[in-house]
Amino acid sequence: MIEIKSLSKSFGKKVVLEDVNLCFEYGKITGLYGDSGCGKSTLAKILCGIEKLGKGEIYADGELVCSDKVKYKRKVGKRIQTVYQQPYAALDPVQRIGASLYEIVSYNKLAKSRAEQKAVVENIAVEMNLAKETLGSFPSAISGGEAQRVAIAKCLLLSPKLLILDEATSMLDVSTQANVLARIKELVIKRNMGVLLISHDKELVENFCDSVYTYENCNFVLKNTKGETDDEAL
Amino acid sequence: MVLSYKSGEITAKIKGGSRVIVRDVDFDIEEGERLALIGETGAGKTMIAQSIMRLLPENVRQTGGSMVFCGVDLSDLKTVRKILGKEIAYIPQSGADCLNPTRKVKYHLYDSLKRMGLKGDALKAACIDNLVKAGFEDAAAILNLYPFQLSGGMAQRVTIALALCSHAKLIICDEATNGLNYVDKTVFVKRISELFPSAAKLFITHDMQVAGACDRIGVLCSGRLVESGEAAIVSTAPKHPYTQSLLSALAKNGMKQTPVLRKNEGDCPFYPRCEIACEECKGEIPRIEEGGHMRRCAL
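Residues numbered from 1 in each chain as written. Chains lettered and ligands numbered in written order. Predicted model: local features only at pLDDT ≥ 70, side-chain atom pairs only at ≥ 80, totals over all residues. Heavy atoms only, no water.

A. Structural context of the overall build of chain B. Broken down by element type, chain B carries ten helices and 15 strands. Taken over the C-alpha trace, chain B has a radius of gyration of 20 Å; the compact-globule value for 299 residues is 19 Å, and the two agree within 12%. Here the C-alpha coordinates of chain B stretch approximately 70 × 45 × 40 Å along the principal axes. Looking at chain B alone, contacts between residues at least 24 apart form 61% of all its contacts between residues at least 6 apart. Surface summary for chain B: the accessible area is close to 13600 Å², and the carbon and sulfur share equals 51%. When the 39 basic and 34 acidic side-chain charges of chain B are each reduced to a single mean position, those positions are 6 Å apart. (Helix = DSSP H or I, 4+ residues; strand = E, 2+ residues; numbered from the N terminus. Rg over C-alpha atoms; globule rule 2.2 N^0.38 Å. Contact = heavy atoms within 4.5 Å. Areas by Shrake-Rupley, 256 points an atom, 1.4 Å probe, with all protein chains shown as cover. Lys, Arg positive; Asp, Glu negative; His and termini not counted. Charge placed at Lys NZ, Arg CZ, Asp CG, Glu CD.)

Here it is as structure tokens:
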């Protein structure tokens, strides 16, 4: 499980997050809901080491990822991967989709031989419902839904234990969104990983997630868990 | 009438040939009216917006069709250049991408307002005013920020403030609510309506919430207009199977998927994924009009 303990973050004098304690269990989908600009994405950035935390600690399976005193440990932090809002921004416009996947496999030494690399890339493409032709295409030739599935595939290559979807479906139309999220739901069970869905779409978060947290006074408060109504949670 | 649009055929040159991306999409927008064009990614919504402004990509051609804006034929490029940004305002899909990252917010607004003839204190006051109208509480502080210091939603609101710098008779909002939160989406439609009461508004969106807040909805499927009518009817009781599938894919309706069931045959763009398709759907699809509501469906 991924744990956040007493996390605080400020930008200058503006306090964005204060004493945040969250726990992301494997096999569960957690939702974070709040207005745009409130600090949801800041939390995602801290979790994957893009932003430094002010105070607090982050643990992955009991192992320290980072704290206010310890620098972000990249090797441990690999267990946390993020998919961002704009799928095309995650893809190099002059690099074919297959090549961008190969790059991750070879940089992280995920396979020993060329044949093994090919198998890893082909398997992840099958897992994310990507056609063979997609691997040979440039990002400009694929749809938004496909681009987002490629972005997820790139994260999944590193076998994350927590996949953060930071507004990852807000640029997609409703039917593409439904397809992508159905795939995510399958992966949560198959890979036993946790998913953190960050969104400002209240209906989506409440319908898709096992537990929902809302942003209140620089912190995330548990609103409800699946099967519970708002009144019961209160 | 503010805009009378007939798409004709919009074709894109792609590797190994060309593909028709929009065909026979016709609509009119009256003064003060809000029309929403909805559909999946790749349905041709943005191409329609770009064709109105004559800003289609290099590999895309429009043949046939006509666009008349307040009695002016938009086929003349020189005329379109004079009108764009003054009488036709465009609010783009990704706010952050259309702002220059090396320039503060205030300079973006100054550029647009200077085009409208404002100077000195009036210019600065108009900047603040537009940002407040776009939904910023602390507008003065926003002026001195760079685009990369704004969140997605804040950047989107800056582009709305930029659109407010014009005296627009037609406002095209191309997925402009993408970065905004749940409440702000309907507030956005309402705000645009209040700020530009007499302007025609074209909302290009895949968000049913935004579309539902408009007066009329046109539904696009693979570049064809398959259904159009009053927003209240199309967003709650649609008659075309494609619109029904879009509604059932909403989170509140259980996010039902529409898988590909069969190979495409005939004229209907939704035929491969339609659960109720039959033999009649393989032929030419009729256009059925009933009291202001139109659908293209054989069933």
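B. Inspection of helix α6 (residues 144-156) of chain A at higher detail. Taking 1.5 Å as the rise per residue, α6 of chain A with 13 residues should run 18 Å; its terminal C-alpha atoms sit 18 Å apart, in good agreement. Looking at the buried residues of α6 of chain A, the elements they touch are β6 (80-83), α3 (97-107), α4 (114-127), β7 (162-166) and α7 (174-191) of chain A. (Expected span 1.5 Å × (residues − 1).)

C. Highlighting the pairing of β7 of chain A. Residue and element names in this part refer to chain A. Among the five residues in β7, five count as buried, and that is most of the element. Side chains of β7 alternate between two faces, with Leu162, Ile164 and Asp166 and Leu163 and Leu165 buried alike. Bridging between β6 and β7 involves four bridges; their strand directions are parallel. From the neighbouring strand, Gln81 faces β7, where its bridge partner is Leu163. In terms of strand pairing, β7 meets strand β8 (residues 194-199) through five bridges, oriented parallel. Bridge pairing links Leu163 to Val195 in β8. In terms of handedness, the path from β7 via α7 over to β8 forms a crossover that is right-handed. (Buried < 20%, exposed > 50% of the residue type's maximum accessible area, 1.4 Å probe, protein only. Pairing = 2+ DSSP bridges. Right-handed = clockwise from strand over helix to strand, strands pointing away.)

D. How the structure looks around the interface of chain B and chain A. Listed as interface residues are 24 residues of chain B and, on the opposing side, 24 residues of chain A. Buried surface at the junction of chain B and chain A, summed over both partners, amounts to about 2100 Å²; 53% is from carbon and sulfur atoms. For the pair chain B and chain A, the interface holds zero salt bridges. Applying the counting criterion to the chain B and chain A interface returns one residue pair in polar contact (both at pLDDT 80 or more). Grouping the amino acids of the side of chain B that touches chain A by side-chain chemistry returns seven nonpolar, twelve polar and five charged. (Buried area = accessible area lost by both parts, 1.4 Å probe. Salt bridge = Lys/Arg side-chain N within 4 Å of Asp/Glu carboxyl O. Polar contact = N/O pair within 3.5 Å; in protein donor to acceptor, adjacent residues only side chain to side chain. Nonpolar A, V, L, I, M, F, W, Y, C, P; charged D, E, K, R; others polar.)

E. Focus on the sheet that holds strand β3 (residues 17-23) of chain B. All names here are of chain B. If you walk across this open sheet you meet the three strands as β3-β2-β6, and the pairing is antiparallel. In this open sheet, the two edge strands, each paired with only one partner strand, are β3 and β6 (60-63). Direction aside, neighbouring strands of the sheet carry axes that sit 30° apart on average. Across the sheet, helix α1 (residues 45-52) lies against β2 (9-14), β3 and β6, angled at about 85° from β3, the strand it touches most. (Axes fitted to C-alpha atoms, helices over the stretch in contact; angles between N-to-C directions.)

F. View of the pairing of strand β14 (residues 287-290) of chain B. All names here are of chain B. With four bridges connecting them, β14 and strand β15 (residues 293-296) associate as antiparallel partners. Note on β15: the bridge partner recorded for Glu290 is His293. What sits between the antiparallel neighbours β14 and β15 is a turn of two residues, in which Gly291 has the positive phi angle 50°.

G. Spatial organisation of the pattern of salt bridges. Residue and element names in this part refer to chain B. Tallied over the entire structure, the rule returns 24 salt bridges over all chains. Linking Glu87 and Lys169 is a salt bridge whose minimum nitrogen-to-oxygen distance equals 3.4 Å. Within this pair, whereas Glu87 is found in the loop between α2 (77-83) and β9 (88-91), its partner Lys169 is found in the loop between α6 (152-163) and β10 (170-174), the two being separated by 82 residues in sequence. For Glu87, a relative accessible area of 28% gives the class partly exposed. Taking the relative accessible area as the measure of exposure, Lys169 reaches 38% and is therefore partly exposed. Between Arg295 and Glu290 there is a salt bridge, with its nearest N and O atoms 3.6 Å apart. Looking at Glu290, the relative accessible area reads 41%, which means it is partly exposed.

H. Broad picture of the sheet that holds β14 of chain B. Residues and elements named next belong to chain B. Spatially, eight strands are ordered β9-β10-β11-β5-β12-β13-β15-β14 in an open sheet, and the strand pairing comes out mixed. Strands at the two margins of the open sheet, each flanked by one partner only, are β9 and β14. Each adjacent strand pair in this sheet contributes to an overall mean axis angle of 15°, direction not counted. Strand direction decides the pairing type here: β10 and strand β11 (residues 200-205), joined by five bridges, are parallel. By the bridge assignment for β11, Asp174 is matched with Ile204. Sitting on the sheet, helix α10 (residues 241-248) is in contact with β5 (34-39), β12 (216-221) and β13 (224-230), with an inclination near 100° to β12.

I. Region of the structure containing helix α3 (residues 105-115) of chain B. All names here are of chain B. Where α3 is concerned, the buried positions are Val105, Lys106, His108, Leu109, Tyr110 and Leu113. Residues of α3 that are buried sit in contact with α4 (120-133), α5 (139-143) and α6. Of the residues trailing α3, Gly117 is marked for its positive phi of about 90°.

J. Fine view of the side chain of Ser51 of chain B. Residues and elements named next belong to chain B. Tracing the sequence through the fold places Ser51 in helix α1. We classify Ser51 as buried; its relative accessible area is 0%. Those residues in contact with Ser51 that sit more than four places away from it in its chain are Tyr5, Ile10, Leu56, Gln62 and Met67.

K. Highlighting the packing of α4 of chain A against α7 of chain A. Residue and element names in this part refer to chain A. The geometry of α4 relative to α7 is characterised by a closest axis approach of 11 Å and an angle of 125° between their N-to-C directions. It follows that α4 is oblique to α7 by the angle criterion. On the side of α4, the interface is formed by Ile124, Val126 and Glu127, while α7 contributes Arg183, Leu187, Lys190 and Arg191. Here the contact of α4 with α7 is composed, by residue class, of three nonpolar, no polar and four charged. (Parallel < 35°, antiparallel > 145°, perpendicular 65-115°, else oblique.)

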